[in-house]
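# Close look at the chain arrangement
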Amino acid sequence: NVCRLLTRRAQGFYTRDAGVTHRKNLGLLRKIMCQESTKFKNVWTTHSASPIAYERGRIYMDNYQCCITSFAQEPRILYQKSKCAKSEKIEDALLLECPLGEMLPSPSDYKASLIVLTVQNWLLRLSADSGEVLEKVYLAGSCCKFFRYLCWDTPQEVMIVKSAQNKLPAAARQGGIHQTVLFYLAVFQVLPLSFIGMLEINKKIFGNSVTDVAVSNGILIVMYSMGLVRLYNFKAILEQFMEQPFDLGQEFNWNGQVGVVGKYPFGLPCNIKITDTPPLLFEASSLENAFQIGGYPWHYIITPNKKKHKGVFHICSLKDNALAKNGIQDMKCCSLEPDWIYFHPDMSGRIIHVGPNLIKVLKLKEVKNHADQTEIAEDFTIVANRENCVNNSVTVTASGRVVKKRFTLLDDDPEQETFKIVDYEDELDLLSTVAVTQIGADGRAHLDFHCNEHGVLLKSIPLKESWDVTYSHEVYFDKDLVLHIEQKPNRRFSCYVYQMVCDTAKDDD
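A short tour of the structure in this document, coming up. Nothing here was measured: the structure is a model prediction, and the numbers come from that model.

## What to know about empty space enclosed by the protein
Counted under the stated rule, the structure contains one cavity of 30 Å³ or more. Estimates place the volume of the largest cavity at around 30 Å³. Looking at side-chain class alone, the lining of the largest cavity contains five nonpolar, two polar and one charged residues.

## Let's talk about unusual backbone geometry
Of note, the bond from tyrosine 264 into proline 265 is cis; its omega dihedral lies within 30 degrees of zero at 5°. Among the structural elements, proline 265 can be located in the loop between β18 (257-260) and β19 (280-285). Along the chain, tyrosine 296 connects to proline 297 via a cis peptide bond; the corresponding omega equals -5°. Relative to the elements of secondary structure, proline 297 occurs in the loop between β20 (291-294) and β21 (299-302). Phi at arginine 56 takes a positive value of approximately 45°, unusual for a residue other than glycine.

## What to know about the nonpolar core
Leu123, Leu139, Met159, Val161, Phe188 and Leu268 are the most contacted members of the largest nonpolar core, which totals 27 residues. At the level of elements, β6 (90-96), β7 (113-118), β10 (147-154), β11 (158-163), β12 (181-189), β13 (194-202) and β17 (251-254) are the ones that each hand at least two residues to this core. No other element matches the four residues that β12 contributes to this core. By size, the runner-up hydrophobic cluster in this structure holds 24 residues, among which are Ile160, Leu185, Tyr224 and Phe234.

The rules behind the values
Residues numbered from 1 in each chain as written. Predicted model: local features only at pLDDT ≥ 70, side-chain atom pairs only at ≥ 80, totals over all residues. Heavy atoms only, no water. 1 Å grid on protein atoms, 1.4 Å probe; cavity = no way out; pocket = protein on both sides within 12 Å on 5 of 7 lines; lining within 4 Å. Points joined across faces, edges and corners; volume = space filled by probe spheres on them. Nonpolar A, V, L, I, M, F, W, Y, C, P; charged D, E, K, R; others polar. Helix = DSSP H or I, 4+ residues; strand = E, 2+ residues; numbered from the N terminus. Core = buried A, V, L, I, M, F, W, Y, C linked by side-chain atoms within 4.5 Å. Buried < 20%, exposed > 50% of the residue type's maximum accessible area, 1.4 Å probe, protein only.

In structure tokens form, the structure reads like this:
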């Protein structure tokens with residue numbers, strides 16, 4: 001009961017634990033949001049010729065030169081920087097937030113900041129509230145490394161800066177010059193920002209058919225052209241092959257070069273040299289290198305490496321590669337867009353499998369009388385509203401003539417309600433879905449909130465703008481905010497912001 005919780009808070013309950021207070025407040029917000037009288041109103045719309053990004057209540061436009069806060073009653077500009085040169089164009093960005101319970105060297109470290117990577121290989125830390133440059137690190141040294149991607153190894157702790165794939169010009173290849181280094185990875189500890197090391201992914205070590213690499217949670221993931229995926233202990237690689245540690249701002253003499261770490265023109269030294277193939281943790285063959293690990297006990301999901309198996313997912317034990325009971329998941333849907341599957345981000349160990357008209361939430365459980373074997377069972381399902389859709393292959397006209405259809409409708413036919421987006425709001429513990437129906441040129445979408453534990457529908461929010469299924473769409477649900485970003489042809493972008501409005505009066509808006 002909302003009144004009871006407010007009364008207990010006013011009487012001083014929960015004062016000894018800020019975490020409890022925060023959870024109770026979010027519980028109140030969830031109750032208010034799911035009330036029938038609560039609506040979401042479109043309070044702001046904008047259009048742009050450049051991509052629009054969203055991070056934790058901030059909308060970024062004009063290549064991160066303009067920041068708009070969505071926390072206000074109506075979104076307003078936080079800062080607007082002057083137009084930057086093409087050489088300063090931002091390639092990628094990550095939001096940094098202050099770690100709890102740690103002493104940091106600078107007062108600015110306690111506020112949110114944005115790490116951005118520029119086209120000229122500069123790594124900048126910007127104030128999230130003003131855009132002011134707090135730190136600058138030059139990445140590229142004597143060998144030309146085009147750094148293009150930022151990602152987390154450990155969220156808010158260890159960051160990876162990855163180069164584009166290193167390719168020689170055609171003239172060099174024709175001249176018999178061979179390129180063995182495929183990627184460079186620079187590793188940083190964040191807040192305070194510190195350099196751990198740089199390493200190269202070399203054909204001589206990992207093989208000629210490497211197509212991509214990624215780092216996640218202390219694991220180096222190497223992908224190959226034939227669908228093979230190999231996993232290595234990234235932390236062990238850093239420790240084993242580190243030649244010499246360096247700190248940002250430290251003067252160094254490295255391989256005949258003298259400079260300052262992180263300063264132009266020297267950049268960062270490649271101080272982690274992998275001289276031998278690291279011990280292999282795990283490998284699997286999967287169609288299009290699709291591979292995921294999660295669940296409890298640990299399991300992985302792959303698609304058998306044959307095109308005829310596209311849309312078929314195998315859930316196997318990481319311990320012994322044994323296929324779980326009921327571990328082959330196949331929706332057998334006939335659709336243009338494939339179904340997708342992933343481990344639930346709520347850390348419950350469950351699995352979400354999404355098809356055009358069906359969302360299955362699966363759970364891992366022990367097989368009865370077989371403690372060492374796991375089976376896949378349905379926790380709950382969410383079904384699209386297709387009550388009025390009858391897909392008969394034979395119809396009878398008013399005159400009594402029998403007409404046979406020469407084709408059947410696809411499961412994701414745009415005239416039928418189809419799931420397009422499924423997401424999880426961790427602070428309110430809600431599973432959100434976007435379902436779309438398009439008739440003619442006019443498409444209508446609605447965002448639904450479901451109980452994450454049982455799948456019960458709690459709230460449905462119609463989106464006012466037309467939804468074209470051929471465009472690219474992103475929908476963010478963040479506490480009391482809903483934000484929809486749409487990319488139309490010819491690089492035209494639109495952003496629609498909805499905010500929660502508590503009003504029992506009838507409102508046509």
